[in-house]
Amino acid sequence: MKKVIIFSAPSGSGKTTLVKHSLEAIPELEFSISCTTRQPRGSEIHAVDYHFISPEEFRQKISEDAFVEFEEVYTDKYYGTLKSEVEKIWNLGKVVIFDVDVKGGISLKKYFGDKALSIFIQPPSIEELERRLISRNTDDAETIKTRVEKAGEELSYAKEFDKIVINSDLNEAKKEIEILIKSFIEN
Ligand code: 5GP
């Protein structure tokens, strides 16, 4: 059966770490590479972490109806899920895993319905989330401020997801997620 796993969370909740762990632990999963208009960060690689494209290319894809969903996650920074990624992964006989923002997660769940398991990763608190963003050391103070403000609003959408996993202990969260995904794939 064609299935998808959706991960959403405020930035800094440990979502990307948990997505990477799931990909390593569960071989049936394949990551859906999104398009974005933001610049690559640190060690990110084009067509591995994201398809890094220009705003013009992004607009072109919107007009071609190439996206399942897309969002302006931050001002002038667009992110979108490609229909072609989902088809490619299903054709490999694999289960798609998405790492998207909270609005995107809700849109994807509406689109895929029972084919989807949507998981919300919740940080223990806003203070802890801010501390993690600072210690990650990949964003400037202004970006961190924007992300923390956005997180407050995003937390109120947790109840729209199939499952909520509170990431206070990373190893516990990894185990919990593995169990959730495996039981969804097997049933
Ligand atoms: P970052 O810039 O930190 O890589 O990502 C910022 C936010 O955009 C994260 O919450 C990430 O999950 C989300 N994101 C990544 N790809 C997509 C996508 O295709 N659609 C949506 N709606 N959000 C995305």
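All of these numbers come straight from a predicted model, not from anything done at the bench.

Reading guide: rules and limits
Residues numbered from 1 in each chain as written. Predicted model: local features only at pLDDT ≥ 70, side-chain atom pairs only at ≥ 80, totals over all residues. Heavy atoms only, no water. Helix = DSSP H or I, 4+ residues; strand = E, 2+ residues; numbered from the N terminus. Buried < 20%, exposed > 50% of the residue type's maximum accessible area, 1.4 Å probe, protein only. Lys, Arg positive; Asp, Glu negative; His and termini not counted. Salt bridge = Lys/Arg side-chain N within 4 Å of Asp/Glu carboxyl O. Polar contact = N/O pair within 3.5 Å; in protein donor to acceptor, adjacent residues only side chain to side chain. Contact = heavy atoms within 4.5 Å.

Engineer: Could you clarify how one ought to interpret the side chain of Lys3 in this entry?
Structural biologist: Relative to the assigned elements, Lys3 resides in the segment before β1 (4–8). Glu186 provides the closest opposite charge to the buried, unpaired Lys3, separated from it by 9.3 Å. In terms of polar contacts, Lys3 uses its side chain to reach the backbone carbonyl oxygen of Asn187, at 2.5 Å. If we ignore the near neighbours within four places in the chain, the residues touching Lys3 are Trp90, Val95, Val96, Lys115, Phe184, Ile185 and Asn187.

Engineer: What should I look at first to understand the environment of Glu154 in this one?
Structural biologist: Residue placement: Glu154 occurs in helix α6 (residues 141–155). Through-space distance from the C-alpha of Glu154 to that of Pro10 is 6.2 Å; in sequence the pair is 144 residues apart. Ignoring anything within four residues of it in the chain, the contact list for Glu154 reads Ala9, Pro10, Ser11, Asp101, Val102 and Phe120.

Engineer: For this particular structure, what's the right way to read the side chain of Ser118?
Structural biologist: In this structure, Ser118 sits in strand β8 (residues 116–122). Apart from the residues lying within four places of it in its own chain, the contact partners of Ser118 are Ile6, Lys109, Phe161, Asp162 and Lys163.

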